[in-house]
Amino acid sequence: MLSKTQAIVLHSFKYSENSLICCFYTREYGRVSCLIQGVHSKKSKFKSALFQPLTIVAIELQYMQNKDLQSIKDIAMLQPLHSLHSNPYKNAIVLFLGEILYRTLRDGEHGEQLFNYLSHSIELLDTMTEDFSNFHLVFTVHLTKYLGFFPENLFSDFTPFFNLKMAAFEPQKSAHCIDKQTSMLFSDILISDFSNIQLLDLTKQSRTTLLQMIVDFYMLHLPGLKDIKSLDVLTSVFG
């Protein structure tokens, strides 16, 4: 079935001399992988810039359910991005978030609310000119709403320890719990959104600690998730 849909690039890699495989998250079908032939040839209508992580595009594909690789007929930039890939700080965030999404979003999962969250977040990051060093923390924490393990924010003097495995704040520190200070900062992220992201008062050390804690949180709830290769790059840039 020939279909048009909006899509976000998650990851792409070279398949042959002139072809690549690109994984998209689409509004219509969720995650799909496509074979793009001839992309590296001089006469190709498919420009390599279209396949950078988190690029928002419109694609026309020959969609066949249960097929591992779909065929793309056409692709075009849907939302021009002005700084996401040229700004080295934003690009570090893009590489990290692209890898997180590529490794966590499963085939067959789709939802318009999730697509809207992703596209809105990408567009917002592209336009941000002030401090966005905490953007990836807020993004990944609130992404868990769609992945199924967003915790209820019950941090208090009586429940000051966050248990990563139970996804809950507890009165006493036990296995998988983080310390009080990190738990409090994590609670601040839970009640934050992109409109007040600058109010998060984080040091370089606390930002690094929180980032590693969030990755550990993901790994506990998504057992198939392995080491995030771009984590070191992001930590070196913002840590």
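It should be emphasised that the depicted structure is a prediction, and the values quoted were computed from it without experimental measurement.

Attention now moves to the packing of helix H2 (residues 112-127) against helix H3 (residues 135-147). Axis separation between H2 and H3 bottoms out at 11 Å; the angle between their running directions is 175°. It follows that H2 is roughly antiparallel to H3 by the angle criterion. On H3, the residues that touch Gln113, Leu114, Tyr117, Leu118, Ser121 and Leu125 of H2 are Phe135, Val138, Phe139, His142, Leu143 and Tyr146. Its residues assigned to classes, the contact of H2 with H3 shows nine nonpolar, three polar and no charged.

Here we come to helix H4 (residues 180-190). Regarding H4, the residues found buried are Thr182, Ser183, Leu185, Phe186, Ser187, Ile189 and Leu190. In the core, the buried residues of H4 are packed alongside H3, strand S6 (161-163), strand S7 (168-170) and helix H5 (204-221). The opening residue of H4, the one whose side-chain oxygen lies 3.1 Å from the backbone nitrogen of glutamine 181, is aspartate 179.

Another point: the layout of surface pockets. The space that makes up the second largest pocket amounts to roughly 210 Å³. If you trace the second largest pocket, you find it lined by Leu10, His11, Ser12, Pro53, Leu95, Gly98, Glu99, Tyr102, Arg103, Lys229 and Ser230. Counting only elements with at least two residues in the lining of the second largest pocket, the list comes to strand S1 (2-16) and helix H1 (88-104). At five residues, the largest contribution of residues to the lining of the second largest pocket is made by H1.

This part is about the packing of aromatic side chains. Scanning all chains against the criterion turns up 13 aromatic pairs. Look at tyrosine 117 and phenylalanine 194: their rings are 6.5 Å apart centre to centre, the planes differ by 20°, and that puts the pair in the stacked class. Note that tyrosine 117 is positioned in helix H2 and phenylalanine 194 in the loop between H4 and H5, a separation of 77 residues in sequence. Phenylalanine 194 carries the same exposure label as tyrosine 117, and that label is buried. Seen in terms of ring centroids, phenylalanine 149 and phenylalanine 217 are 5.2 Å apart; in terms of plane orientation they differ by 80°. Their pairing is edge-to-face. Note that phenylalanine 149 is positioned in the loop between H3 and S6 and phenylalanine 217 in helix H5, a separation of 68 residues in sequence. What makes phenylalanine 149 buried here is its relative accessible area of 7%.

Definitions and limits used
- Residues numbered from 1 in each chain as written.
- Predicted model: local features only at pLDDT ≥ 70, side-chain atom pairs only at ≥ 80, totals over all residues.
- Heavy atoms only, no water.
- Axes fitted to C-alpha atoms, helices over the stretch in contact; angles between N-to-C directions.
- Helix = DSSP H or I, 4+ residues; strand = E, 2+ residues; numbered from the N terminus.
- Parallel < 35°, antiparallel > 145°, perpendicular 65-115°, else oblique.
- Contact = heavy atoms within 4.5 Å.
- Nonpolar A, V, L, I, M, F, W, Y, C, P; charged D, E, K, R; others polar.
- Buried < 20%, exposed > 50% of the residue type's maximum accessible area, 1.4 Å probe, protein only.
- Polar contact = N/O pair within 3.5 Å; in protein donor to acceptor, adjacent residues only side chain to side chain.
- 1 Å grid on protein atoms, 1.4 Å probe; cavity = no way out; pocket = protein on both sides within 12 Å on 5 of 7 lines; lining within 4 Å.
- Points joined across faces, edges and corners; volume = space filled by probe spheres on them.
- Phe/Tyr/Trp six-rings, centres within 6.5 Å; stacked < 30°, edge-to-face > 60°.

The quantities given are spatial measurements derived from coordinates; they are silent on function.
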